[in-house]
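The chain contents come next:
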Amino acid sequence: MDSLVESGWQYLVTNFSDFQLACIGSFIVHETVFFFSGLPFIFLERTGLLSTYKIQTKNNSPEAQGKCIAWLLFYHSCVNFPLMMFSYRVFKFMGMRSSFPLPSWKVVSAQILFFFIIEDFVFYWGHRILHTKWLYKNVHSVHHEYATPFGLTSEYAHPAEILFLGFATFIGPALTGPHLITLWLWLVLRVIETVEAHCGYHFPWSPSNFLPLYGGADFHDYHHRLLYTKSGNYSSTFVYMDWIFGTDKGYRKLKALKET
């Protein structure tokens, strides 16, 4: 496995510049993972397959789904990609590299664990601030246009929110200056997590059934169903921040009632 990864990486660093890999490569990784993981949930919603596991009975119209995709393509091209290009100098200054040797799996695992911890902390407070009256009305309400979320709505947001909460995703890597392969792996995990949290389905194999403190779709779907002043459940991946500050009480009470 290691030799296969090294061979693939050797091809990339031989044929592409550091800038191309960090900017265009990262954009391609993001778009590929995002749409390949998110589009199947549109198919499930339109066909009714696996509807037993759908959290809400309501479905989004094809027009609403099409609007989401159109705006996403615009946002990704005009906001995300320029942001990646702008961030390149920052990451390079902090020590990011794409050259050999590749980092060990211990280093990769430790850095990604750190990224999750700091992202959860920053995202929680940023998201909670977005639910104050003025910011919700003028910025965050765009994301909440979809009270019944599906995978791709995870990145449907006001450009200001993309910048604001995108900071939470990239503050960890910016502080540590990881190898580019670590950054790509973090990007893959983060995209899959946020798509799963917005997918609208709670399956027997959903990560929240196995990982302690993992939020997942059921946790975040509750957030989208309620009025902004009463929603709670502000956490990103792991829910310890909501538990510490008591902003998941409504969700926990509802879950307890369902279990009884």
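From a predicted model like this one, the values you see are computed outputs, not experimental measurements.

Conventions and cut-offs
- Residues numbered from 1 in each chain as written.
- Predicted model: local features only at pLDDT ≥ 70, side-chain atom pairs only at ≥ 80, totals over all residues.
- Heavy atoms only, no water.
- 1 Å grid on protein atoms, 1.4 Å probe; cavity = no way out; pocket = protein on both sides within 12 Å on 5 of 7 lines; lining within 4 Å.
- Points joined across faces, edges and corners; volume = space filled by probe spheres on them.
- Helix = DSSP H or I, 4+ residues; strand = E, 2+ residues; numbered from the N terminus.
- Nonpolar A, V, L, I, M, F, W, Y, C, P; charged D, E, K, R; others polar.
- pLDDT = per-residue confidence, 0-100.
- Phe/Tyr/Trp six-rings, centres within 6.5 Å; stacked < 30°, edge-to-face > 60°.
- Buried < 20%, exposed > 50% of the residue type's maximum accessible area, 1.4 Å probe, protein only.
- Expected span 1.5 Å × (residues − 1).
- Bend = angle between axes of the 7 residues up to and from the residue.
- Core = buried A, V, L, I, M, F, W, Y, C linked by side-chain atoms within 4.5 Å.
- Salt bridge = Lys/Arg side-chain N within 4 Å of Asp/Glu carboxyl O.
- Contact = heavy atoms within 4.5 Å.

## Description of empty space enclosed by the protein
Moving on, step 1. Here the structure, examined in full by the defined rule, presents 1 cavity of 30 Å³ or more.
Moving on, step 2. By volume, the largest cavity amounts to about 590 Å³.
Moving on, step 3. S154, E155, L165, G166 and T169 are, among the 28 residues lining the largest cavity, the residues nearest its centre.
Moving on, step 4. Only α3 (62–93), α4 (105–130), α6 (159–176) and α7 (180–197) provide two or more residues apiece to the lining of the largest cavity.
Moving on, step 5. Taken together, the residues that form the lining of the largest cavity break down as 10 nonpolar, 14 polar and 4 charged.

## Description of the confidence of the model for the chain
Moving on, step 1. Of the residues in the chain, 98% reach a pLDDT of 70 or more, and the chain-wide mean stands at 95.
Moving on, step 2. Mean pLDDT per element in the chain: helix α10 (residues 249–259) is the minimum at 89, and α7 is the maximum at 98.

## Quick look at the packing of aromatic side chains
Moving on, step 1. Summed over all chains, the structure comprises 26 aromatic pairs.
Moving on, step 2. Seen from their ring centres, W71 and F74 are 5.7 Å apart, and the 85° between their planes marks the pair as edge-to-face. You can see W71 and its partner F74 sitting in helix α3, 3 residues apart, about one turn around the helix.
Moving on, step 3. Overall, W71 belongs to the partly exposed group, its relative accessible area being 37%.
Moving on, step 4. A relative accessible area of 43% means that F74 is categorised as partly exposed.
Moving on, step 5. On the numbers, 5.1 Å between centres and 90° between planes, the contact of Y146 with Y156 is edge-to-face. With Y146 in the loop between α5 (133–138) and α6 and Y156 in the loop between α5 and α6, this pair connects stretches of sequence that are 10 residues apart.
Moving on, step 6. For Y146, a relative accessible area of 5% gives the class buried.

## Focus on α6
Since the α-helix packs 3.6 residues into each turn, any two residues three or four apart lie on the same face.
Moving on, step 1. Taking 1.5 Å of rise per residue, 18 residues should cover 26 Å, and α6 covers 26 Å from first to last C-alpha, within 8% of that figure.
Moving on, step 2. By the largest-angle criterion, F170 marks the main kink of α6, which is about 45°, and a proline, P173, follows within four residues.
Moving on, step 3. When α6 is considered as a whole, its buried residues turn out to be E161, I162, L165, G166, A168, T169, I171, G172, P173 and A174.
Moving on, step 4. After α6 finishes, the residue G177 shows a positive phi value of roughly 55°.

## Some points on the nonpolar core
Side chains of a nonpolar character, in soluble globular proteins, are inclined to be buried together.
Moving on, step 1. Counting 39 residues, the largest nonpolar core has F34, F41, C68, M96, L152 and L180 as the members making the most contacts within it.
Moving on, step 2. Mapped onto this core, the elements with two or more residues apiece are α2 (18–47), α3, α4 and α7.
Moving on, step 3. If you look at the next biggest cluster of nonpolar residues, it comprises 5 residues, including L130, V139, L165 and A168.

## Structural notes on the pattern of salt bridges
Moving on, step 1. Per the counting criterion, the structure on display carries 7 salt bridges.
Moving on, step 2. Among the ionic pairs, D18 bridges to K92, the shortest N-O distance being 2.9 Å. Here D18, found in helix α2, pairs with K92, found in helix α3; they are 74 residues apart in sequence, far enough to count as distant.
Moving on, step 3. The shortest N-O distance in the salt bridge between R190 and E193 comes to 2.4 Å. Highlighted residues: R190 and E193, both in helix α7, separated by 3 residues, approximately one helical turn. Each member of the pair, R190 together with E193, is buried.

## Observations regarding the environment of G215
Moving on, step 1. Checked against the element boundaries, G215 lands in the loop between α7 and α8 (216–225).
Moving on, step 2. Residue classification places G215 among the buried positions, given a relative accessible area of 7%.
Moving on, step 3. Residue contacts for G215: discarding those within four places in its chain leaves S208, T237 and V239.

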